[in-house]
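Take a look at the letters that make up each chain.
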Amino acid sequence: MKKSKLSNWKGVAAVIGVDWGDSGKGRLIDNLAQTADVVARFNGGSNTGHTVKNKFGKFALHIIPSGIFNSKSINIVGKNVLVDLESLIDDELQQLKKAKVSWKNLRIDQRATLVMPWHKMRDGQREESRNAKIGTTKRGVGPAYADRIERVGIRVRDLYRKDFKDLLGEEIKIQNKYFSLNLSPSKIYSQFHKYTNLIKPLVTETTSLVKSAIKNKKNVLFEGAQGYFLDVDAGTYPFVTSSNTGIIGIWRCFDVHPTDINYVIGITKAYTTRVGSGPMPTYIKGEQRDWIIKKGGEVGTTSGRIRDPGWLDLVLLKTACENNRVTNIAMTKLDVLSQLKEIKVCIQYKIGNSTTDYISGDADFLSSVKPVYKTLPGWNEDISKARNLTDLPQEARNFIKFVENYTKLPISFIGVGPDRSEVIYA
Ligand code: GDP
Ligand code: IMO
Ligand code: MG
């Protein structure tokens, strides 16, 4: 097992969720960005909600990378990120402005696809009219990525075309006709005209920025959104998002090959959660469910929905780590498990009498498995002040060791509270 301290990481590092999202990626990126020259986001849109709590305050970021608080690092929104300008300008930049955090080092790829008002409307309408709901965040992510794949999306660079008004008018005509919408071209044009001027100094080509930073031996940190089991190809389809959330997403966004990444950090909570529809074999019911939701504050950053809690699923965790060649695990919210008499972890799946591995790509499969649990003793102590492994109660250390042995990977970052300072670098 390779032990390397993440507190002084160097080279190229990537953070990806190895679950269904909301694992604490924002806070981990905020921690690791202290030594980053470049932080680059590679997937997702404003469906993402990355919470950061540090000396500047508490923030919920959707598009802007969580490294923005390090004034020395360039923060990049890559071409495969969906740029939702309403979220970026009217929400996120306002949060930063209030806290006097500079965004002069923010860069937005000119080839990124824009989320337009009709994408959000279509996302919402389709969800409302379906019986079997995906449970999307209604941020227009599915329809906007669909337009990108269909090659009809409006991109950031289009905002600066001389004929942008005509282009927008033509697209709105199509949207109104085929999706029975009643969009006003003049209203949308004036909204986007305002945005266009505001972000102009930030718009650039970002692939070469990232590649030359790597070539020049800068510290480059990739920020993933969501988690591996929400990946459109690897996750529990159709209850997934519309992008590549795993390591492959970096390749597609920045032309950086996975073998060029020194640290692939797979992040999970010490338990798991899922928001929206779709199966979760280790779903926790009853009083324990309510207790974890309350203690863990399991309410969505973006949609305000309750996140369903489940026990840590080592079958899924190991699969995500193997498929993405994870080198280090980051585990957050260990503090939330304090006071539980017993903690369960899923160590195997059964279908009937046979055991099975995780098979990518289908919700039906995951609905049919039964989890086999190992029960570990819990601990009573408040661990939020722990800063070294030796500060943890023996039972908490045994829990960490059990996961390390199962995954054959080191747990190098342990979150014991949401603040930047509340961490153990192991
Ligand atoms: P992300 O989408 O992966 O960035 O995660 P979210 O921000 O959506 O959700 C994680 C939540 O857990 C946020 O409210 C964080 O402030 C909080 N959090 C992160 N790490 C820890 C931790 O170690 N302990 C506790 N108690 N809360 C944490
Ligand atoms: P972060 O980056 C948790 C879920 C939605 C829904 C499904 C599809 O904060 O971890 P979408 O709006 O993408 O079409 O919704 O994916 N989902 C997330 N769940 N964390 C996220 O992001 C998520 N982004 C999307 O709840 O089930
Ligand atoms: Mg989140």
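Residues numbered from 1 in each chain as written. Chains lettered and ligands numbered in written order. Predicted model: local features only at pLDDT ≥ 70, side-chain atom pairs only at ≥ 80, totals over all residues. Heavy atoms only, no water.

Chemist: Can you help me understand the site of ligand 2 in this one?
Modeler: Not every one of the 20 residues close to ligand 2 is listed here, only the nearest: Asp 22, Lys 25, Thr 137, Gln 226 and Thr 241. At a separation of 2.6 Å, an oxygen atom of ligand 2 approaches a polar side-chain atom of Thr 241. Look at ligand 2: alone it shows 550 Å² of surface, and the protein chains cover 98% of it. Across the shell around ligand 2, the residue classes tally to 6 nonpolar, 11 polar and 3 charged. When residues of the shell around ligand 2 are assigned to domains, at least three fall in each of domain 1 (1-108 + 205-426) and domain 2 (117-200). (Near = heavy atom within 4 Å. Polar contact = N/O pair within 3.5 Å; in protein donor to acceptor, adjacent residues only side chain to side chain. Areas by Shrake-Rupley, 256 points an atom, 1.4 Å probe, with all protein chains shown as cover. Nonpolar A, V, L, I, M, F, W, Y, C, P; charged D, E, K, R; others polar. Domains from an automatic or database assignment.)

Chemist: In this structure, what is going on with the pattern of salt bridges? I would like to understand it.
Modeler: Two side chains with opposite charge may pair up if their charged atoms get near one another. Per the counting criterion, the structure on display carries 14 salt bridges. In this structure, the salt-bridge partner of Glu 86 is Lys 120, at a minimum N-O distance of 2.6 Å. Highlighted residues: Glu 86 in helix H2 (residues 85-98) and Lys 120 in helix H3 (residues 117-129), separated in sequence by 34 residues. Salt-bridge contacts for Glu 128 lead to Lys 138; the nearest nitrogen and oxygen are separated by 2.9 Å. Placement of Glu 128 in helix H3 and of Lys 138 in the loop between H3 and helix H4 (141-149) is noted, with a sequence separation of 10 residues between them. (Salt bridge = Lys/Arg side-chain N within 4 Å of Asp/Glu carboxyl O. Helix = DSSP H or I, 4+ residues; strand = E, 2+ residues; numbered from the N terminus.)

Chemist: Just to check I follow, could you spell out the domain arrangement of the protein for this structure?
Modeler: How big an interface is tends to be reported as the loss of accessible area on association of its parts. You can read the domains of the protein as domain 1 (1-108 + 205-426) and domain 2 (117-200). Here domain 1 and domain 2 have C-alpha centroids that lie 29 Å from each other. Counting residues at the interface gives 28 residues for domain 1, matched by 20 residues for domain 2. Summing the contributions of domain 1 and of domain 2, the shared interface buries around 2,000 Å²; its carbon and sulfur component is 59%. Applying the counting rule to domain 1 against domain 2 returns 2 salt bridges. With 6 residues, H2 is the largest single contributor of residues to the side of domain 1 that touches domain 2. Class assignment of the residues belonging to the side of domain 1 that touches domain 2 gives a composition of 10 nonpolar, 13 polar and 5 charged. (Contact = heavy atoms within 4.5 Å. Buried area = accessible area lost by both parts, 1.4 Å probe.)

Chemist: Looking at this structure, how should I read the UniProt feature "active site" (unreviewed entry) in the protein?
Modeler: Here, the residues flagged by UniProt with the feature "active site" (unreviewed entry) are Asp 22 and His 50. Of the residues just listed, which span 29 residues, no C-alpha pair is farther apart than 7.5 Å, and they cluster in one region. As for its position among the elements, Asp 22 is in the loop between strand S1 (12-17) and helix H1 (25-32). When near neighbours in sequence (up to four residues on either side) are disregarded, Asp 22 contacts Gly 49, Lys 269, Val 275 and Arg 307. Residue position: His 50 is located in strand S3 (residues 50-54). His 50 has contacts with Lys 25, Gly 26, Phe 59, Ala 60, Leu 61, Ser 66, Glu 223, Gly 224 and Ala 225, leaving out every residue within four places of it along the chain. (UniProt positions renumbered as here; feature names shortened; annotations may be inferred.)

Chemist: When you look at the nonpolar core in this model, what are you seeing that I'm missing?
Modeler: One recurring pattern in soluble globular proteins is that nonpolar side chains are buried together. With 66 residues, the main nonpolar core has Phe 222, Phe 254, Met 331, Leu 334 and Phe 399 as its most contacted residues. Sorting elements by how many residues they give to this core places helix H10 (residues 314-323) first, with 6 residues. Beyond its immediate sequence surroundings of up to four residues, Leu 334 is in contact with Ala 270, Trp 379, Ile 383, Leu 392, Ala 396, Phe 399, Ile 400, Ile 414 and Gly 415. By size, the runner-up hydrophobic cluster in this structure holds 35 residues, among which are Leu 93, Trp 118, Ile 188 and Leu 202. (Core = buried A, V, L, I, M, F, W, Y, C linked by side-chain atoms within 4.5 Å. Buried < 20%, exposed > 50% of the residue type's maximum accessible area, 1.4 Å probe, protein only.)

Chemist: Is there a simple way to explain H3 in this structure?
Modeler: Taking 1.5 Å per residue, 13 residues should reach 18 Å; H3 reaches 19 Å between its end C-alpha atoms and fits that length. Along H3, the residues classified as buried are Pro 117, Trp 118, His 119, Lys 120, Arg 122, Asp 123, Gly 124 and Glu 127. Buried positions along H3 lie against H2, H4, helix H5 (164-178) and helix H6 (185-199). (Expected span 1.5 Å × (residues − 1).)

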